[in-house]
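The residues making up each chain are set out below.
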Amino acid sequence: MTLAAVQGQARAVGALRSALQQGALPHACLLAGPSGVGKQLAAIGLAQALLCPQAPGEGCGRCSTCQRVERLAHPDVLWLMPEEEQVRRRLAGRSDFTHVPSRDVRVEQVRQLQERLSLRGLESPRKVVLVLSAEAMNPAAQNAFLKTLEEPPSDTTLVLVTSAPDRLLPTLRSRCVRYGFSPLPRALVAAHLAKARGLDPAQAEAVAALADGSLERALALDPEQLERRRATIRAFEAVTGEDLRTALRFAELTGTSRDEAEEALGVLAMWVRDVAVVPFSGATLFHPELRSLATTAAARLDEDRLHLRFRLLDEAQVAISKRNASPRLQMERLALEMAEGARP
Ligand SMILES: [Zn+2]
């Protein structure tokens, strides 16, 4: 997986590759953008391009150097990440730590990195530092890292990856050249899902729509979850003023626990947004497979009723998550008031 293989990020990756080709790569690069869109792959590809003896400036992806870089097992690629993440990725075992593995990058880790940077490269005169993910550095760690950015050791490239650049110290951000990564095109996520998961095109398209441009999120969603979302939406749309049992049925389905109710409310907020935008041509929906249901719902709702839906969802959300109200009763109230508002 070299830099050239990173998909859907022509702008950022193109800029990195042309900097590499011109020998003008900044000593500190900040790869910023939503999670799950290829920033880490690009960071690893960058390290391969810098260290690969077979295809310098590109990375071949096949030689021993490239493969060890990809596994984060090359001695001249130093990386920083929270201990908990090291355990999750099997780069370390839980028993490697005498304490509970931390969820942030601590100042001690930055100091160790700085000690290693002061030594000569083991295999190559060049070293690459990958900070995955930079916002995991706590403020003390960021301050310590700032020293490395201010006085970068020679022949060292620092690559910081972040999905939350606003959590980085401004002084740290300003010392890096920023490469912006965008959400992935939906078709690309769908194509990848169809291949990786063996989903049929319609299913892949439906999952991709919910992932909002993040391949990571798309892979975390399963078709079963998708079916649950649709059941929630159908029960919601089935609520009518003529038959109040429809409201009770909706509450029964979605109000069994606080978690379930919160999930349903999240789904429905996306759904009501679909209903609000579906009349506009070319609108991108979260649930494209339910377009005809959204169109029917939109035809029934005037602006006031649409607003009522948004407001009721919001009130239920606040009541359940902030005031610890009964999920069942809140979902009932939501459905009954919606049914009431639906009467002519
Ligand atoms: Zn190589």
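Residues numbered from 1 in each chain as written. Predicted model: local features only at pLDDT ≥ 70, side-chain atom pairs only at ≥ 80, totals over all residues. Heavy atoms only, no water.

1. Section: the coordination of the zinc ion
When a metal holds four donors in a tetrahedron, each ideal angle between them is 109.5 degrees; when it holds six in an octahedron, the ideal angles are 90 or 180 degrees. As a reminder of what qualifies: A donor here means any N, O or S atom no more than 2.8 Å from the metal (3.2 Å for Na, K and Ca); water is not included, so a site may seem to lack partners. Angular criteria define each label, namely tetrahedral for four donors with all angles between 85 and 135 degrees, square planar for four and octahedral for six donors with opposite donors over 155 degrees apart and remaining angles between 65 and 115, and irregular for whatever fails these tests. Each helix is a run of H or I in the DSSP string that is no shorter than four residues. Each strand is a run of E no shorter than two, and both are numbered from the N terminus. Residue exposure (1.4 Å probe, protein chains only): buried if accessible area is under 20% of the type maximum, exposed if over 50%, otherwise partly exposed.
Within the protein, the atoms that donate to the zinc ion are Cys-52 (SG), Cys-60 (SG), Cys-63 (SG) and Cys-66 (SG), at distances of 2.3 to 2.4 Å. Around the zinc ion, the four donor atoms sit at angles spanning 102 to 115°, and that spread fits a shape best called tetrahedral. Within one chain, the residues donating to the zinc ion are spaced in sequence as C-x7-C-x2-C-x2-C. Taken together, the positions of Cys-52 in the loop between helix 2 (39-51) and helix 3 (64-70) and Cys-63 in the loop between helix 2 and helix 3 put the pair eleven residues apart, joining distant regions of the chain. We classify Cys-63 as buried; its relative accessible area is 12%.

2. Thoughts on the pairing of strand 1 (residues 28-32)
Two faces, one strand: in a regular strand the side chains alternate between the faces of the sheet. Note the threshold: Strands are labelled as partners when DSSP assigns at least two bridges between them.
In terms of burial, strand 1 is largely enclosed, as five of its five residues are buried. Here strand 1 shows a buried face lined by Ala-28, Leu-30 and Ala-32 and a second buried face lined by Cys-29 and Leu-31. Alignment of strand 1 against strand 4 (residues 156-162), held across five bridges, turns out to be parallel. Bridge pairing links Cys-29 to Val-159 in strand 4. Across four bridges, strand 1 lies against strand 5 (residues 177-180) in parallel orientation.

3. Remarks on the domain arrangement of the chain
Applicable threshold: Where each domain starts and ends comes from a domain assignment, either automatic or drawn from a database.
According to the domain assignment, the chain consists of domain 1 (3-180) and domain 2 (222-342). Computed from C-alpha coordinates alone, the two centres of domain 1 and domain 2 are separated by 43 Å.

4. Focus on the nonpolar core
Here is the rule: The term nonpolar core refers to a set of buried residues drawn from Ala, Val, Leu, Ile, Met, Phe, Trp, Tyr and Cys, joined through side-chain atoms within 4.5 Å. Throughout, a contact is declared for two residues whenever any of their heavy atoms are within 4.5 Å.
Ranked by internal contacts, the top residues of the largest apolar core, which has 46 residues, are Leu-25, Leu-31, Leu-46, Leu-130, Tyr-179, Phe-181 and Leu-193. Among the elements of the structure, helix 1 (10-21), strand 1, helix 2, strand 3 (127-132), strand 4, helix 8 (186-197), helix 9 (201-211) and helix 10 (215-220) are those that each provide at least two residues to this core. With eight residues, helix 2 is the single largest residue contributor to this core. Excluding residues within four positions of it along the chain, Tyr-179 makes contact with Ala-12, Ala-15, Leu-16, Ala-19, Pro-26, Cys-29, Leu-30, Leu-31 and Ala-32.

5. What about the packing of aromatic side chains?
Basically, it comes down to this: Here the aromatic set is Phe, Tyr and Trp, taking the six-membered ring for Trp, and pairing holds for ring centres within 6.5 Å; pairs whose planes are under 30 degrees apart are stacked, those over 60 apart are edge-to-face, and all others are tilted.
Inspection of every chain in the model, using the stated rule, returns one aromatic pair. Between Phe-236 and Phe-250 the ring centres are 5.7 Å apart and the planes differ by 55°, which places this aromatic pair in the tilted class. With a gap of 14 residues between them, Phe-236 in helix 11 (residues 223-238) and Phe-250 in helix 12 (residues 245-254) connect regions that are remote in the sequence. The exposure class of Phe-236 is buried, given its relative accessible area of 1%. Residue class for Phe-250 comes out buried when judged on its relative accessible area of 0%.

6. What to know about unusual backbone geometry
For the bond from Leu-132 to Ser-133, the omega torsion is -5°, close enough to zero to count as cis. Backbone geometry places Arg-90, a non-glycine residue, at a positive phi of 60°. Relative to the helices and strands, Arg-90 resides in the loop between helix 4 (83-88) and helix 5 (107-117). Look at Asp-212: it is not a glycine, yet its phi comes out positive at around 55°. The residue Asp-212 is located in the loop between helix 9 and helix 10 in this model.

7. Some thoughts on the state of the cysteines
Each disulfide is one covalent bond, formed between the sulfur atoms of two cysteines. Our working rule: A pair of cysteine sulfur atoms is labelled a disulfide when the two atoms are within 2.5 Å.
The full count for this structure, using the stated rule, is zero disulfides. No disulfide involves Cys-29; its nearest neighbouring cysteine sulfur is the one of Cys-176, lying 8.0 Å away. We classify Cys-29 as buried; its relative accessible area is 0%.

8. A short note on the packing of helix 11 against helix 14 (residues 291-300)
How we decide: Between N-to-C directions, angles cover 0 to 180 degrees, with each direction set by a line fitted to C-alpha atoms, over the stretch in contact for helices. For classification purposes, angles smaller than 35 degrees are called roughly parallel, those larger than 145 roughly antiparallel, those between 65 and 115 roughly perpendicular, and all remaining angles oblique. Crossing handedness is defined as follows: a turn of the near helix away from the far one that is anticlockwise and smaller than a right angle gives a left-handed crossing, while the clockwise case is right-handed. Under the scheme applied here, ten amino acids are nonpolar (Ala, Val, Leu, Ile, Met, Phe, Trp, Tyr, Cys and Pro), four are charged (Asp, Glu, Lys and Arg), and all others, including Gly, are polar.
Here helix 11 crosses helix 14 at 25°, and the two axes come no closer than 12 Å. In terms of orientation, helix 11 lies roughly parallel with respect to helix 14. In the packing of helix 11 onto helix 14, the handedness of the crossing is left-handed. Across the interface between the two elements, Ile-233, Arg-234 and Glu-237 of helix 11 pack against Leu-293, Ala-297 and Arg-300 of helix 14. Classifying every residue of the contact of helix 11 with helix 14 by side-chain character gives three nonpolar, no polar and three charged.

9. A look at the pattern of salt bridges
Just so we agree on the cut-off: The salt bridge criterion pairs a side-chain nitrogen of Lys or Arg with a carboxyl oxygen of Asp or Glu, the two atoms within 4 Å.
Summed over all chains, the structure comprises 20 salt bridges. The partner of Asp-274 in a salt bridge is Arg-273, and the shortest N-O contact between them spans 3.3 Å. Relative accessible area serves as the criterion here: at 31%, Arg-273 is assigned to the partly exposed category. A salt bridge links Arg-333 to Glu-337, with the shortest nitrogen-to-oxygen separation between them at 3.2 Å. Remark: Glu-337 and Arg-333 occur in helix 16 (residues 327-342); sequence separation between them is four residues, near one turn of the helix. On the basis of relative accessibility, which here comes to 33%, the residue Arg-333 falls in the partly exposed class. Counted as one network, the salt bridges with shared partners bring together Arg-311, Glu-315, Arg-333 and Glu-337.

10. Some points on helix 14
What counts is decided by this rule: The arc refers to the directions leading from the helix axis to the C-beta atoms.
Residues Ala-294, Ala-297 and Ala-298 constitute the buried set of helix 14. Down the axis of helix 14, the sector holding all buried residues measures 100°, keeping them to one side. Facing away from the buried side of helix 14 by over 90 degrees, the exposed positions are Ser-292 and Ala-299. Buried positions along helix 14 lie against helix 11 and helix 13 (258-277).

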